[in-house]
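Examining the three-dimensional arrangement
Spelled out, the chains give:
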Amino acid sequence: AEEGGGAEEQRFFYGDPSGAVQGPYGLATMTAWVEQGALPADTPVCVFGSEGFSALREVEPLASALPTAAGDTASTEAASADAAPAGGDGTEGAAESVGVAAAEEERPAEAPSSERQSKKRSRAVAEAAPAPAPSPAQAAREAAEPEAAASEAEPEAAAAEDREAAQKRLKALKVAELRSECERRGLVATGVKAALIARILEAL
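Overview of the structure. All figures in this text were calculated on a predicted structure; none of them were measured in a lab.

1. A short note on the pattern of salt bridges
- Going through the model one piece at a time under the given rule, you end up with three salt bridges.
- Salt-bridge contacts for Glu-164 lead to Lys-168; the nearest nitrogen and oxygen are separated by 3.7 Å. Placement of both Glu-164 and Lys-168 in helix H5 (residues 136-171) is noted, with a separation of four residues, approximately one turn of the helix.
- A salt bridge links Glu-181 to Arg-185, with the nearest nitrogen and oxygen atoms 2.8 Å apart.

The following block contains the structure:
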């Protein structure tokens, strides 16, 4: 998608995480996204009308809008953690002793040996009993679930591979070749290389 702007407004393209080129967008829109943290410092950015992408942190005035509050908060939390006392005042050990004594007082008397042996035999029989076999319908359903998930994932993976291959092919072309491709598809054939690639990818 593209966003228009005034004749004097600076506009930018950027590369999203999937590798696709987005834009152009006006300075106000891009600055707001940077301040919100939607565009990190390493996002590839290209000024409209120029060739090549650079990291956002190197492109002014966008670099000046990068948030710094997150780093300050992390430093404050680390300092608080370092200042926390490492040991107690002895009350912790006393509480632990009281808890152990209470647990020993509440421990029930041991059952007679014959009763203990009977309980052990019952527990051993219960552990040795085989788990009930699944019904035929349940077994068929469990067997079909991985196949269904795999069949759903295959078209998505194939589409992503096709788009990635097309993008690599287009990046290898020259600007004149990209403009010819745009004209062949009935697309606007003006603009920088990044804009031409973005138009062709949207038409695929």
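Past the structure itself, the notes keep going.
2. Some remarks on the packing of aromatic side chains
- Counted under the stated rule, the structure contains four aromatic pairs.
- Taken together, a centroid distance of 6.1 Å and an interplanar angle of 35° make the contact between Tyr-14 and Tyr-25 tilted. Here Tyr-25 lies in strand S2 (residues 21-26) and Tyr-14 lies in strand S1 (residues 11-15), a separation of eleven residues in the sequence. Each member of the pair, Tyr-14 together with Tyr-25, is buried.
- Their ring planes at 70° and their centres at 4.9 Å tell us that Tyr-25 and Trp-33 sit as a pair that is edge-to-face.
- An aromatic cluster of at least three residues, connected via ring pairs, comprises Tyr-14, Tyr-25 and Trp-33.
- Arg-11 extends its terminal NZ or CZ atom over the ring of Phe-48, reaching a point 4.4 Å from the ring centre.

3. Topic: the environment of Ala-55
- One can find Ala-55 in strand S4 (residues 54-55).
- Taking C-alpha positions, Ala-55 is 9.5 Å from Tyr-14, a pair spaced 41 residues apart along the chain.
- In this view, Ala-55 contacts Ala-41, Asp-42 and Thr-43; residues no more than four positions away in its chain are not counted.

4. Description of the pairing of S1
- Taken across its five residues, S1 has four buried, putting it largely inside the fold.
- Of the strand pairs in this sheet, S1 and S2 are connected by four bridges, and their pairing is antiparallel. By the bridge assignment, Phe-12 is partnered in S2 with Tyr-25.
- From the end of S1 to the start of S2, which pair antiparallel, there are five residues, and Gly-19 there has a positive phi angle of about 95°.

5. A word on the sheet that holds S1
- If you walk across this open sheet you meet the four strands as S2-S1-S3-S4, and the pairing is antiparallel. The open sheet has two free edges, formed respectively by S2 and S4, since each of these has just one partner strand.
- Relative to S4, strand S3 (residues 44-47) is paired through two bridges, and the arrangement is antiparallel. Paired with Pro-44 across the two strands is Ala-55, which belongs to S4.

6. Some thoughts on the nonpolar core
- Among the nonpolar cores identified, the biggest contains eleven residues, and these are Phe-12, Tyr-14, Tyr-25, Met-30, Val-34, Leu-39, Val-45, Leu-56, Val-59, Leu-62 and Ala-65.
- Contributions of two or more residues to this core are made by S1 and helix H1 (27-35).
- When near neighbours in sequence (up to four residues on either side) are disregarded, Met-30 contacts Phe-12, Tyr-14, Tyr-25, Leu-39 and Leu-62.
- Judged by nonpolar contacts, the second largest core, of nine residues, contains Leu-170, Cys-182, Leu-196 and Leu-201.

7. Details of the packing of helix H6 (residues 175-184) against helix H7 (residues 193-203)
- Where H6 meets H7, the axes come as close as 10 Å, and the angle between the chain directions of the two elements is 35°. Pair H6 / H7 crosses with left-handed handedness. Residue-level inspection shows Val-175, Leu-178, Arg-179, Glu-181 and Cys-182 of H6 in contact with H7, the latter providing Lys-193, Leu-196, Ile-197 and Ile-200.
- Classifying every residue of the contact of H6 with H7 gives six nonpolar, no polar and three charged.

Calculation notes
- Residues numbered from 1 in each chain as written.
- Predicted model: local features only at pLDDT ≥ 70, side-chain atom pairs only at ≥ 80, totals over all residues.
- Heavy atoms only, no water.
- Salt bridge = Lys/Arg side-chain N within 4 Å of Asp/Glu carboxyl O.
- Helix = DSSP H or I, 4+ residues; strand = E, 2+ residues; numbered from the N terminus.
- Phe/Tyr/Trp six-rings, centres within 6.5 Å; stacked < 30°, edge-to-face > 60°.
- Buried < 20%, exposed > 50% of the residue type's maximum accessible area, 1.4 Å probe, protein only.
- Lys NZ or Arg CZ within 6 Å of the ring centre and 35° of its normal.
- Contact = heavy atoms within 4.5 Å.
- Pairing = 2+ DSSP bridges.
- Core = buried A, V, L, I, M, F, W, Y, C linked by side-chain atoms within 4.5 Å.
- Axes fitted to C-alpha atoms, helices over the stretch in contact; angles between N-to-C directions.
- Left-handed = near helix turned anticlockwise from the far one by under 90°.
- Nonpolar A, V, L, I, M, F, W, Y, C, P; charged D, E, K, R; others polar.

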